[in-house]
Amino acid sequence: MGGAGGAIETMELTRMQTEETSDQAKIRELDAFIQSLGLDGRDAAGRRAVLIQILHRAQGLFGWLPEEVQKHISAKLDLHVSEVYGVVSFYHFFKTKPSGRHVIDFCTGTACFVRGIGKVIEQVEAQTGTKLGETSGDGRFTLGSLRCVGACSLAPVLQVDGKTYGRVTPEQVEAILAEYK
Amino acid sequence: MTKLATGVAFAEFADAVKAAEATAPKTRIFVGMSTCGVASGAGPVYDAIAAELAASGNPAIEVVRAGCVGLCYAEPTVEVQVPGRPVVTLGGVTPARGRELVKELAVAAEPAKPLSVGDAIFKKQLRIALRNCGRIDPEKIEDYIRNGGYVQLAKILDGMKPEEVIATVKASGLRGRGGAGFTTGLKWEYARAAAAAPKYIVCNADEGDPGAFMDRSVLEGDPHSVLEAMTVAGYAIGARYGYIYCRAEYPLAVKRLEVAIAQSRALGLLGENILGSGFAFDLEIKLGAGAFVCGEETALIHSIEGKRGEPTVKPPFPAESGLWGKSTTVNNVETLACIQPILEKGAAWFKAIGTPKCAGTKVFALAGDVKNVGLAEVPMGTTIREVLEEIGGGSRDGRPLKAVQTGGPSGGCIPAEKFDTPIEYDTLGALGSIMGSGGLIVMGQKTSMVKIAHYYMEFSCDESCGKCTPCRVGNRRLYEILERILAGKGKPEDLPKLEELGNVIKDTALCGLGQTSPNPVLSTLRWFRSEYEDCIKNGGVKPPVYTVNDKCIGCRACAKACPVQCIEGALKKKHVIDQSKCIHCGACETKCRFGAIDSE
């Protein structure tokens, strides 16, 4: 009896350790990147100039910008954490919540609006049971929007994990979603 | 690549590139591989052509990964340039057609089945900013040099004075293509006059207007033209360093810029002591992070500094106090793309194109309810109608167009009765719109103007940085009034309220975003007031009414698609829609392949 419980605890512990090490590895990679920028001897303005670049890299590594990562960057750059958070919250591109396994971004530019992205969004929301800006309960999809990807000839456009689908009709939604488990 | 240490070494290099072409001219197959091309399947087409060429072992034919020629509606597009013959364009190319094409070119002088585009698409156009797009490999500096690239930079560094360069650009009459239309030469002159060092040159590649994609096309199709122009500008104003501020939404453009910068550095066209002239210039790319307001130059400067992209009051103008308080010149991508041709062909040549007040050409991005979606570069003074109907091919459903929206969220809607207006900065301003970056969103009869105004206000509310009250609160109130009108709760007195508030925001907002954000509301109120009045009278936007016309062949496709089974009629007999049951979803119209469903 105690043995089974112990096994589960061990598994849980291993899982946590793996997660921890993978996060640490990411932090190490981020630190190496910051190191490569050669910040030694730069004044606050000089360190601030690379903040957005570092946030891009951090989001590339973690998929989003957890509070701890923002604090870590603030310490590395010797900028107040409120300043780092101020920048993160200003730009749409930076995410402060983790995403689902797949990210669906709808283009909400004018051409897509005129060509009917609204009906496509409704259809995806209905089929995933998720609202725009949220992640589905099973963690499969996060629905987001982009301001014009500049592929207006393909309107209406959506992207799944960066892959662009053009001239999308509400009827095609089911087949597109089925590609992503 | 070896560094070219002197102007003479560059001239020899350029001559060698051209001589190679002259002794063994090649047939080139250009595959359009910008973002829309790739998304339409240009990758497999390129692979198929490359594999077929490798198998055939024909050294006289070369396949090129090119940028976009602007015929976006026909993607994937392939162009064939046989030496001494006009370029032939093919549209909707499949990998199989690509392989076939290679076999055809081995025996015939020209490919079969060219795309029939109608003469107007090309005859009305004059390509200056887009001159190389689709006709060179953007990842090969030799291709750019073969077409005259970097020759002007070498010439300038060989003894032209900065003042002479500025005088040429000023005399050409070139005005900023980002929207405001400030004279470029004058901007450079102010920066030259600023005493403080260091100075900076910034390329604004934060093309945020939804529906505008000409800057993306230049960056993806001809990145070196921007680099050469920035170096020239750096020499003219006395800057040694530049930044290209590019949207994060344009990963391919960023990649091609990175490749181009590395090549320029390797050849010694960027860096210390360029071509032995003693002039040093280098630049780096700064990524945006999805904030529309960063297209405004003071906001953009703050973003490069690593801050929140909030604008500041002008003056001081960036030429006086910009990046880190130093003199900074901000030029748009399309503006910079015009510099090399102006230097090569002369100010008088450029000045003679377009109209007396607006010299040169403008690139427009056609999108929305128009047949030929794509890019078109036309001389200033071309009428709206020529662009929409002769190049754009008119509406998709063949019915007359209703309006066109220019200038994105800062612009306005221009009604069809004004389509004969020649396009200039001032003429569009007089119609309550702006030139903006050149996005043209075409609207057919079905588009509700109230909904369009509502859409843009939502955009402006979302993108307002929140710094000044008129923009942060005023736009929100405009949006709420529009919400109310669309929900059927509008009152007649809402319309003068919208106008009054809109004008106050225009007069009092801090930056270009706020000062122009009410334009979509004000212009639709001016030209389409009756739609607002109908909306108030009818309790919201009337849903479209669908009817079946005589083109119906009785195939039952629409009846099967109808979610409420309200379409009746036997096979091969004209169908009828039961209006009492119809939920106005439009599924029948989407399904019908014969254009037999009308909507009003």
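Residues numbered from 1 in each chain as written. Chains lettered and ligands numbered in written order. Predicted model: local features only at pLDDT ≥ 70, side-chain atom pairs only at ≥ 80, totals over all residues.

**Notes on the overall build of chain A**
Of the regular secondary structure elements, chain A holds eight helices and four strands. Secondary structure of chain A in N-to-C order comes out as α-α-α-α-α-β-α-α-β-β-β-α. Counting over 181 residues, chain A shows a buried share of 30%. Look at the contacts in chain A between residues 6 or more apart in sequence, and 61% of them connect residues 24 or more apart. (Helix = DSSP H or I, 4+ residues; strand = E, 2+ residues; numbered from the N terminus. Buried ≥ 20, exposed ≤ 12 C-beta atoms within 10 Å, placed from the backbone. Contact = placed C-beta atoms within 7 Å.)

**Details of the sheet that holds strand β7 (residues 282-287) of chain B**
Whether parallel or antiparallel, the strands of a sheet pair through hydrogen bonds between backbone atoms. Residue and element names in this part refer to chain B. With parallel pairing, four strands are arranged side by side in an open sheet as β7-β6-β5-β8. The open sheet has two free edges, formed respectively by β7 and β8 (328-332), since each of these has just one partner strand. Shown here is a sheet whose adjacent strand axes are inclined to one another by a mean of 20 degrees, direction ignored. Sheet topology places strand β5 (residues 200-205) next to β8; five bridges connect them, and they run parallel. Counted as the bridge partner of Tyr200 is Thr328 from β8. Set on the sheet, helix α11 (residues 223-237) makes contact with β5, β6 (241-246), β7 and β8; between it and β5 the angle comes to about 150 degrees. Here helix α13 (residues 297-304) sits on the sheet in contact with β5, β6, β7 and β8, set at roughly 105 degrees to β6. (Pairing = 2+ DSSP bridges. Axes fitted to C-alpha atoms, helices over the stretch in contact; angles between N-to-C directions.)

**Comments concerning the nonpolar core**
All names here are of chain B. Grouped together as the largest cluster of nonpolar side chains are 209 residues, with contacts concentrated most on Val31, Ile49, Val226 and Ala365. No other element matches the nine residues that α11 contributes to this core. Counting ten residues, the second largest nonpolar core, distinct from the first, contains Tyr546, Cys562, Ile567 and Ala596. (Core = buried A, V, L, I, M, F, W, Y, C linked by C-beta atoms within 7 Å.)

**So, the pairing of β5 of chain B**
Residue and element names in this part refer to chain B. The buried fraction of β5 is high, at six of six residues. Side chains of β5 alternate between two faces, with Tyr200, Val202 and Asn204 and Ile201, Cys203 and Ala205 buried alike. Across six bridges, β5 lies against β6 in parallel orientation. Each residue of the ladder has a partner; that of Ala205, found in β6, is Cys246.

**Some thoughts on helix α21 (residues 494-508) of chain B**
All names here are of chain B. Over its 15 residues, α21 extends 21 Å from the first C-alpha to the last, a length consistent with the 21 Å expected when each residue adds 1.5 Å. Looking at α21, one finds that the buried residues are Leu498, Gly502 and Ile505. Here the buried residues of α21 occupy an arc of 65 degrees about the axis, which is enough to place them on one side. Exposed positions of α21 whose direction lies more than 90 degrees from the buried face are Pro496, Glu500, Asn503 and Asp507. (Expected span 1.5 Å × (residues − 1). Arc of directions from axis to C-beta.)

**Section: the interface of chain A and chain B**
The partner chain B presents 39 residues to the 33 residues of chain A that form the contact. Of all elements in the fold, only α2 (44-48), α3 (51-62), α5 (81-90) and α6 (110-114) of chain A reach the threshold of two or more residues within the side of chain A that touches chain B. Here the residues of the side of chain A that touches chain B are counted per class, giving 20 nonpolar, eleven polar and two charged. (Nonpolar A, V, L, I, M, F, W, Y, C, P; charged D, E, K, R; others polar.)

**Some thoughts on the domain arrangement of chain B**
Residue and element names in this part refer to chain B. Domain assignment breaks chain B into domain 1 (7-117), domain 2 (141-348), domain 3 (361-443), domain 4 (449-537) and domain 5 (546-599). Each of domain 3 and domain 4 was reduced to a C-alpha centroid, and the two centroids are 22 Å apart. With three residues, strand β12 (residues 412-415) is the single largest residue contributor to the side of domain 3 that touches domain 4. Its residues assigned to classes, the side of domain 3 that touches domain 4 shows four nonpolar, six polar and no charged. (Domains from an automatic or database assignment.)

**What about the pairing of strand β13 (residues 439-443) of chain B?**
Residues and elements named next belong to chain B. With five of its five residues buried, β13 lies for the most part within the structure. Burial along β13 is two-sided: the face carrying Gly439, Ile441 and Met443 and the face carrying Leu440 and Val442 are both buried. Sheet analysis places strand β11 (residues 403-406) next to β13, joined by four bridges and oriented antiparallel. Considered in β13, the bridge of Thr406 is made with Leu440.

**Describing the sheet that holds β13 of chain B**
Residues and elements named next belong to chain B. In space, the five strands of this open sheet follow the order β10-β9-β13-β11-β12, with mixed pairing throughout. Each edge of the open sheet is held by one strand with a lone partner, namely β10 (374-379) and β12. Strand-to-strand, the axes of this sheet are offset by a mean angle of 30 degrees, without reference to chain direction. Both strand β9 (residues 361-368) and β13 contribute to a ladder of four bridges, which runs parallel. Its bridge partner lying in β13, Ala365 is registered against Gly439.

**Remarks on helix α20 (residues 469-486) of chain B**
Side chains three or four residues apart in an α-helix point the same way, a direct result of the helix having 3.6 residues per turn. All names here are of chain B. An ideal rise of 1.5 Å per residue puts 26 Å on 18 residues; α20 measures up with 25 Å between its terminal C-alpha atoms. Residues of α20 that are buried: Pro470, Cys471, Gly474, Asn475, Leu478, Tyr479, Leu482 and Ile485. Here the buried residues of α20 occupy an arc of 140 degrees about the axis, which is enough to place them on one side. Buried residues in α20 make contact with α19 (449-463), α21, α22 (512-516), α23 (519-527) and α24 (529-537). A positive backbone phi angle near 85 degrees is found at Gly488, which sits one or two residues after α20.

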